[in-house]
Every structure is written in C-alpha cells, then in structure tokens.
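# Remarks on the overall topology
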2 protein chains.
Amino acid sequence: MNASFHISSAQRGATQFLHVEETFRFASGGEIPRVDIAYETWGELNSSHSNAILILTGLSPDAHAASSEKDPTDGWWEPMIGPGKPIDTDRNFVICVNSLGSCKGSTGPGSNNPKTGGQYRLAFPDLTMHDIAKGAHLVLQSLEIEQLRAMVGPSMGGMSCFALMKQAPRITRHFLAISTAARAEPFGIAIRSLQREMIVRDPHWKDGAYTNEDWPETGMRLARKLGMISYRSEPEWRKRFGRELQDRYNERLFGMHFSVESYLESAARKFTRNFDPCCYLYLSRAIDWYDISDGYENMQAAFADIELESSKVIGVETDFLWPPHQQREICRTFSRKGVDCHLEMLPSIQGHDSFLVDYRRFRPAVESYLKNID
Amino acid sequence: MNASFHISSAQRGATQFLHVEETFRFASGGEIPRVDIAYETWGELNSSHSNAILILTGLSPDAHAASSEKDPTDGWWEPMIGPGKPIDTDRNFVICVNSLGSCKGSTGPGSNNPKTGGQYRLAFPDLTMHDIAKGAHLVLQSLEIEQLRAMVGPSMGGMSCFALMKQAPRITRHFLAISTAARAEPFGIAIRSLQREMIVRDPHWKDGAYTNEDWPETGMRLARKLGMISYRSEPEWRKRFGRELQDRYNERLFGMHFSVESYLESAARKFTRNFDPCCYLYLSRAIDWYDISDGYENMQAAFADIELESSKVIGVETDFLWPPHQQREICRTFSRKGVDCHLEMLPSIQGHDSFLVDYRRFRPAVESYLKNID
C-alpha cells in the first residue's frame, strides 16, 4: 500500500469508491483538496496480485461494465465481461475505473467543491488524460497491484491507458487497444469542438451556472446527435433505415420526417439529462488535448520507455472518428520498438461504436488475445 | 417560345432575370402568384440552338459561376468555365441557373410575398427538386432551347438535373453528374437534419420571424461548421492542420485552441449573413426529400424513360456526404438501360468539396468528357 496519501473506501451497490483525502494535483497545474475514484471489480485477485485486467472507458460510461451479484443489472459491456466471456472473470481479476472528471461516481466538475459548498463546474482544473490515468493508478495502488496482466482501452480509454503507461512504464504486461488513438487529430477535434460549442451556445448553459430546472437541454441534445452521427457509419444507416418514414413523433417543420431523424431524437433525449454538461465538456476537451508525442521528437520516441510483452490493436474500417490509420500507427510504433503487436481491422459497419454493438466480431477478437496471454 | 406563360426579363450585372408573371404551382401542391429565375450565360447560342450546356448548382451557389465582360469578378467555378476551359465557352452556350428557393436572385422564401408585402419566409410552399427543375426549364423555354447538348449537375445540382430529366426526358443529349446522388440517404439526411435543427433552435430564429437586427447567427454559424465538416475529409485536415495551434482568435473556454477550430470559425462567420436561414432550410430539406424512384418499383424503373446519348459520373473516394456508392449506382443504372456511361472515381482528399477545389483532378475529368461530345 502506497502510504503517501490517506485513503478510505466505500461501496454503493457494486461500485466501490476510493476516497483520497489529499491534494490532487492536475497535470495542468491546478489542484483540488481531495478526490473520489469510482470503480467496480469482477473475479478474484490471486495471491501474487498478477491476474488483474484494468479497463479504462470511453467518454461517457460508468464503472458498471458488467453485472455481478451485487448489481445484477446489465453493464455497458455485458457480453464482454464475465465467467467464460472474452474478458474472463474466472481467470482474471477485472477492474473498471470511472474516469476522473466524469459525473458517474468519480470526482469531476459536477462534484461538490469543499471551498464553496456548490459544484465545481468551471472552477474544476483543466483536465487531461494524465489526470484520468493518475486516478486509475491510485485505484491500482490501493488494491496493491503493481503490475497488471493486461489493460484494455476502448476509445478514449485507450488514450488514458497510454497516459498511464507513460506514468508507469511497467504498469501492464499486455495491452489491448480498441478503436482508439495515441493522439487526437483535426477531424475528430472539429467534431468535438462543434459539440462543445452547441452546449456553450445554449442560452441555458449560463457559463456553467445551469441548474436542474434550467438545463442546457437543447445544446446537450444537439451535441449528442452529432455524437451519434460520428459514432456510427453511412453504410449502417443506409441498411438500417434507408428512406423509411417515422411515426414516433409529430412531424415538426424542418423536424422529424424520416426514421433516421426519430432514431437520433430518441437516442439524444435519453442522454441529455443523463450526463452533466460540464463534465462532458471537460472530458471532450481532454481527448482533443491528448498527444502521446507531446514533448517528444515523434511518436516512436514517446513509445520508447513503455515496457510491454505484447499488444493487440483492434480497429474498425468504417470508423471515421477514430480512423483506421490511427490504429495502424499504434501497432506500427509498438512493432518497431520490438513489442509483439497484432493488428486486427474489423469490417463492422457500425463505425466507432462497433465495439459496443458488433459482439459477433468483437467477442472473438478480444477473446483470442486475452486467452493466450499468461 | 412557349406561349403559355407571360414572361419578361431584366439584367443586373451579368445576371439575367426571367420574370414569370403566372401562378407557379409547386409539386407539393402549394402555389405563388409569380416567380423570378436568375441565371447567367457565357458564349453564343448557335443558330440551331443545339450547343447549350446547363449547369444546375449545389445548395448555396448563385448563378455567377464564372466571370464575363459584364461581371469580371471570379465566379464560384471560375477555373472550370470559359474560353478553352473544361466547360468551353468557345464551343458551347453555357447557362447557370440559380435554384428556385435560393436567396441569390431566384424567388425563394426570402422574396417578397405580394400578398403581405413582407418576405414569404415560412409561407413559402414546400420546395422540392421538381420545382427547382421546373424553374430551370422555364429559363430554357424562354431561351427557346428544346434540347441541351449537356447538363452538368454537381452535388444538389445533380438531383435537380434528374428531376428535370424526369419532367422532360429528352431535355439533354449528354449528362455529367458530379459528386451527386439520385436519392438522399439516411447519413446525409441525419447531417442536414441536425444542421436545420441548429438553426430552428436558435432563439433568434423566432419561427422564421428573424430580422436583420435579430438574426439566428449562432444557429447559422454552427450549421455551417457542420457543413464544412461534412464537405471535407479526415485525411485532408490531418495533412492541412495536424495539431497546429491557432493564433487568430482569443482562446475562449472550450473554444478556439487548434488551427482547425479557427479555420471553421472563420469559414462559418463568412457564411452566416451571406445566406438567408429560411432559404437554407427549404433547400436543405428539398435534398432530403429527393428520391428519383419515388412512385416507381425501383431506381431502374425510374430511369427508364430518360433518353440520353451518353453520361459521365464523377465521384470522390473521400466524400462521405454524397458517398461513392451513390455515384456507382447512377452509372450502373444508366449502363443497364443501355446509356453509354463512364464512371470516374477520383482520389481527391477534399471530400465532397473536391469539385470546387481539386481542379488539378477535376478539370481533366470534366474536359475529357465534354470535349468529346458532339
């Protein structure tokens, strides 16, 4: 147990909370007096603490990646995690950490600011992948795990994995990167920038002083629609919706007419009140800011000190938000430094979201890697 | 000259205006008492009226496609049209028509409503490609052109060309379709739907009652940014901007940080006051509504009565808004009915906008077709 910080923990359902009662310093220079990190675990940690797999998540998921006795509701990656499943909890002690900055249990802009008694909101320090990685690292330290069997990082989670490997180059023996990237590129930055602008231009945003009764609902709804558009793909929607008309909503002027429009509306409505706007902005910007090669001559130099026994990189051909060339770049860079790295590009048509829906392809792609690492 | 309607004409700079002083009936059932159609021409109509080329435009351009003696300012397709250029005005009489429903000279929602004295705005009838095609057809009738040598339809213009060929199946002998489609598909519909929602959700939209002093500027700016994102491509921006930082605007919270963000901001600012929001909405929706196979068993049946000597279809591999499979579909459908059709897919990296910027590839692709038709 690392003795340099005072911790305690609590549990709510299956979610555990690491309470760190010491100043948390952000890579940007800011600090807050204390943090909570929410996480869940499945399976048993072996006596040598050598069978742990850490999952870091995309922007929006919580730590509840799969069901368990303590919380039998389906998790966001239910078909992937459990006994005999691709991330096999019979053999591995699996940990999923909710990102610092999120509103799903870990401390973030929506958390209580001890100095004011209100929420942090825009008083929260600038958040980067380094801080999210540091939060996850605190959980590992509290569990006395010095080295992981594997890390699994889908989407933004892959970036936090990279940041953690840079902080602790021997933190994991194996690394599974899924539909992710080692740096943000301008097309994705443009999309996220526009999503953020939709939120901050909503009159109800009020420079972060929105309330439950006065919520930037329209901004969040529009941002989520653009999210859905960028997470999926043209061929999927062509096959799924075609030019089918909708009958779910009254047709508004310039509003709902086609099925694809009501699908977006319905998906966006579910999200708007389910995620804190301020947390969304902080996490979204943290993705843009991430570039593993910051401060290095190039990406190869940035990868130099990471020690891995093997890596697998999975990507999807129809993903235009985290595009295939970025997965190829990760695998090429690992391979050049001598890490045994395997790239698998899947022909899924669901774009970036494929790892959350195309289990027919993703389950075997994940299983074949994780079952063969010792 | 078709005697069934009363026309007169006028000229402002190089732009000519056909005034049709008769009820214009829209395909949707609506009607307005009169219409103007703005157009420009280059070159000379030969005595047999057989050397005319008609260009129908994308959503936003006006009729000023190229410079001329009467208006020496560059047009929106300047490198493409002129003496010895790919659309050669030494040999052809070239006409570019501003779409009905636009705010660039032809009658549209921003035009004067004789019944109220104010602008039509939302009192303008539902607009479809059929109406835009009918407007262009009136110009051809006024010029006593029964049959064109060729029609050229980039982007939305290709849809209006299809609609015109359905109204007058022998209207042209040759057809050059560029980065277009014979129907709207759900991915593009989703993007346009979100753009429209950004505008109508701007508090200054006021159900179409905006004024010059109270303009839905934010909605237009955001919609244009999404337009820019969907018109270009991931590889282009990666090469053009990378992770370069911007120094054009003060960095706002969650605002400008990267060059790609200031590029979008600057491009969007130019557009917001330069296009009428209501016209934008009508034209955008007209694209979604277009499906040449409406009322037919399939696309092949819809193409059956169109009489063409030849066609060429040009598309761009990186275009995800008007995707390559839709250009392939046009060419396949023409070929199956016996029309000599050639498909050329260009490796331009500028996505849908390539026909407006990648002249190195587009000039020869257009020239090689048009110079070989009689």
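Rules and cut-offs
- Residues numbered from 1 in each chain as written.
- Chains lettered and ligands numbered in written order.
- Predicted model: local features only at pLDDT ≥ 70, side-chain atom pairs only at ≥ 80, totals over all residues.
- Helix = DSSP H or I, 4+ residues; strand = E, 2+ residues; numbered from the N terminus.
- Rg over C-alpha atoms; globule rule 2.2 N^0.38 Å.
- Buried ≥ 20, exposed ≤ 12 C-beta atoms within 10 Å, placed from the backbone.
- Contact = placed C-beta atoms within 7 Å.
- Nonpolar A, V, L, I, M, F, W, Y, C, P; charged D, E, K, R; others polar.
- Expected span 1.5 Å × (residues − 1).
- Pairing = 2+ DSSP bridges.
- Axes fitted to C-alpha atoms, helices over the stretch in contact; angles between N-to-C directions.
- Domains from an automatic or database assignment.
- Least-squares fit on C-alpha atoms with pLDDT ≥ 70 in both.
- Parallel < 35°, antiparallel > 145°, perpendicular 65-115°, else oblique.
- Left-handed = near helix turned anticlockwise from the far one by under 90°.
- Right-handed = clockwise from strand over helix to strand, strands pointing away.
- pLDDT = per-residue confidence, 0-100.

## Structural notes on the overall build of chain A
- Secondary structure summary: chain A contains 11 helices and 13 strands in total.
- Its C-alpha radius of gyration of 20 Å places chain A within 12% of the 21 Å reference for a compact globule of 374 residues.
- Reported as C-alpha extents along the three principal axes, the dimensions of chain A are approximately 65 × 50 × 50 Å.
- In chain A, which comprises 374 residues, the proportion classed as buried is 57%.

## Regarding unusual backbone geometry
Residues and elements named next belong to chain B.
- Look at Glu144: it is not a glycine, yet its phi comes out positive at around 60°.
- Within the secondary structure layout, Glu144 lies in the loop between α1 (129-142) and β10 (148-154).
- You can call Glu144 exposed: it has 10 C-beta atoms within 10 Å.

## Side note on the interface of chain B and chain A
- Facing 39 residues of chain B, the contacting portion of chain A comprises 39 residues.
- Looking at the side of chain B that touches chain A residue by residue, the class counts come to 23 nonpolar, 3 polar and 13 charged.

## Side note on helix α7 (residues 277-289) of chain A
- With 13 residues, α7(A) should cover 18 Å at 1.5 Å per step; its first-to-last C-alpha distance of 19 Å lies within 8% of that length.
- Counting buried residues in α7(A) gives 13 out of 13 residues, a clear majority hidden from the surface.

## Some thoughts on the sheet that holds strand β12 (residues 310-316) of chain A
Residue and element names in this part refer to chain A.
- Overall, mixed pairing links the 9 strands, which are arranged β1-β2-β5-β9-β6-β10-β11-β12-β13 in an open sheet. Every interior strand has two partners, whereas the edge strands, β1 (7-12) and β13 (340-346), have only one. Neighbour-to-neighbour, the strand axes of this sheet turn through a mean angle of 20°, independent of strand direction.
- Helix α9 (residues 324-336) contacts β11 (172-178), β12 and β13 of the sheet and is inclined by roughly 165° relative to β13.

## Side note on the domain arrangement of chain A
All names here are of chain A.
- Along its sequence, chain A is carved into domain 1 (7-183 + 292-370) and domain 2 (188-283).
- Put simply, the middle of domain 1 and the middle of domain 2, counted by C-alpha atoms, are 26 Å apart.
- On the side of domain 2, 16 residues touch domain 1, which itself brings 21 residues to the contact.
- Across the side of domain 1 that touches domain 2, the residue classes break down as 9 nonpolar, 10 polar and 2 charged.

## Brief notes about the relation of the copies chain B and chain A
- When chain B is fitted to chain A, the residual RMSD is 0.0 Å, and the transformation amounts to a turn of 180° plus an axial shift of 0.0 Å. The two molecules are tied by a two-fold rotation axis, judged by turn and shift.
- Most of the interface of chain B is mirrored in chain A, where 100% of its interface residues again form contacts.

## Considering the packing of helix α3 (residues 186-200) of chain B against helix α4 (residues 217-231) of chain B
All names here are of chain B.
- Put simply, α3 and α4 touch, their axes get as near as 7 Å, and they point 165° apart. Regarding the angle of α3 to α4, the classification is roughly antiparallel. Between α3 and α4 the crossing geometry is right-handed. Taking contact as the criterion, the partners of Ile191, Leu194, Gln195, Met198 and Ile199 in α3 are, on α4, Gly219, Met220, Leu222, Ala223, Leu226, Gly227 and Ser230.
- A class-by-class count of the residues in the contact of α3 with α4 yields 8 nonpolar, 4 polar and no charged.

## Notes on the pairing of strand β5 (residues 35-42) of chain B
- Counting buried residues along β5(B), 8 of its 8 residues qualify, which places the element largely inside the surrounding structure.
- Burial along β5(B) is two-sided: Val35(B), Ile37(B), Tyr39(B) and Thr41(B) facing one way and Asp36(B), Ala38(B), Glu40(B) and Trp42(B) facing the other are all buried.

## Topic: the environment of His257(A)
All names here are of chain A.
- Positionally, His257 belongs in the loop between α5 (234-240) and α6 (259-272).
- Taking the C-alpha atoms as reference points, His257 and Gln246, separated by 11 residues in sequence, lie 5.9 Å from one another.
- With sequence-adjacent residues up to four places away left out, His257 is seen in contact with Leu245, Gln246 and Glu251.

## Focus on the sheet that holds strand β2 (residues 15-20) of chain B
Residue and element names in this part refer to chain B.
- Ordered by their spatial adjacency, 9 strands build an open sheet running β1-β2-β5-β9-β6-β10-β11-β12-β13, and the pairing between neighbours is mixed. Of all the strands in the sheet, just β1 (7-12) and β13 (340-346) have a single pairing partner and so form its edges. Averaged over all pairs of adjacent strands, the angle between strand axes in this sheet comes to 20°, irrespective of strand direction.
- Where β5 lies against strand β9 (residues 93-97), 4 bridges are found, and the strand directions are antiparallel. Its bridge partner being in β9, Glu40 is matched across the sheet by Cys96.
- Running at roughly 140° to β10, helix α2 (residues 156-167) makes contact with β6 (52-56), β10 and β11 (172-178) of the sheet.
- Against the sheet, helix α9 (residues 324-336) makes contact with β11, β12 (310-316) and β13, and its axis sits at roughly 165° relative to β13, the strand it touches most.

## Comments concerning the pairing of β13(A)
Residues and elements named next belong to chain A.
- In the sheet, β12 pairs with β13 via 7 bridges, with the strands oriented parallel. By the bridge assignment, Lys312 is partnered in β13 with His342.
- In this fold, β12 hands off to α9, which returns the chain to β13; that crossover is right-handed.

## Quick word on the environment of Ile32(A)
Residue and element names in this part refer to chain A.
- Looking at the element boundaries, Ile32 is found in strand β4 (residues 31-32).
- For Ile32, a count of 19 C-beta atoms within 10 Å gives the class partly exposed.
- Separated by 75 residues in sequence, Ile32 and Thr107 place their C-alpha atoms 9.9 Å apart.
- The residues touching Ile32, leaving out its near neighbours within four places in the chain, are Phe24 and Pro125.

## Describing the packing of helix α4 (residues 217-231) of chain A against α6(A)
Residue and element names in this part refer to chain A.
- In contact at an axis separation of 8 Å, α4 and α6 are set at 125° when each is read in the N-to-C sense. Comparing the axis directions of α4 and α6 gives the class oblique. As for how α4 packs across α6, the hand of that crossing is right-handed. Each of Glu217, Met220, Arg221, Arg224, Lys225 and Met228 in α4 lies in contact with α6, whose residues at this interface are Leu264, Ala267, Ala268, Arg269, Phe271 and Thr272.
- Residues of the contact of α4 with α6, tallied by class, amount to 6 nonpolar, 1 polar and 5 charged.

## Quick word on α3(B)
- If you check α3(B), its first and last C-alpha atoms are 20 Å apart, about what 15 residues at 1.5 Å a residue would give, namely 21 Å.
- Counted residue by residue, α3(B) has 14 buried out of 15 residues, so it is predominantly covered.

## Remarks on the confidence of the model for chain A
- Per-residue pLDDT for chain A has a mean of 96; in total, 98% of the residues score no lower than 70.
- If you check the scores for this complex, the pTM reads 0.96 and the ipTM reads 0.95.

## Quick notes on the environment of Asp88(B)
All names here are of chain B.
- Relative to the elements of secondary structure, Asp88 occurs in strand β8 (residues 87-88).
- Sequence separation of Asp88 and Glu367 is 279 residues, and the distance between their C-alpha atoms is 8.3 Å.
- Those residues within four positions of Asp88 in sequence are excluded, and the remaining contacts are Pro83, Leu370 and Lys371.

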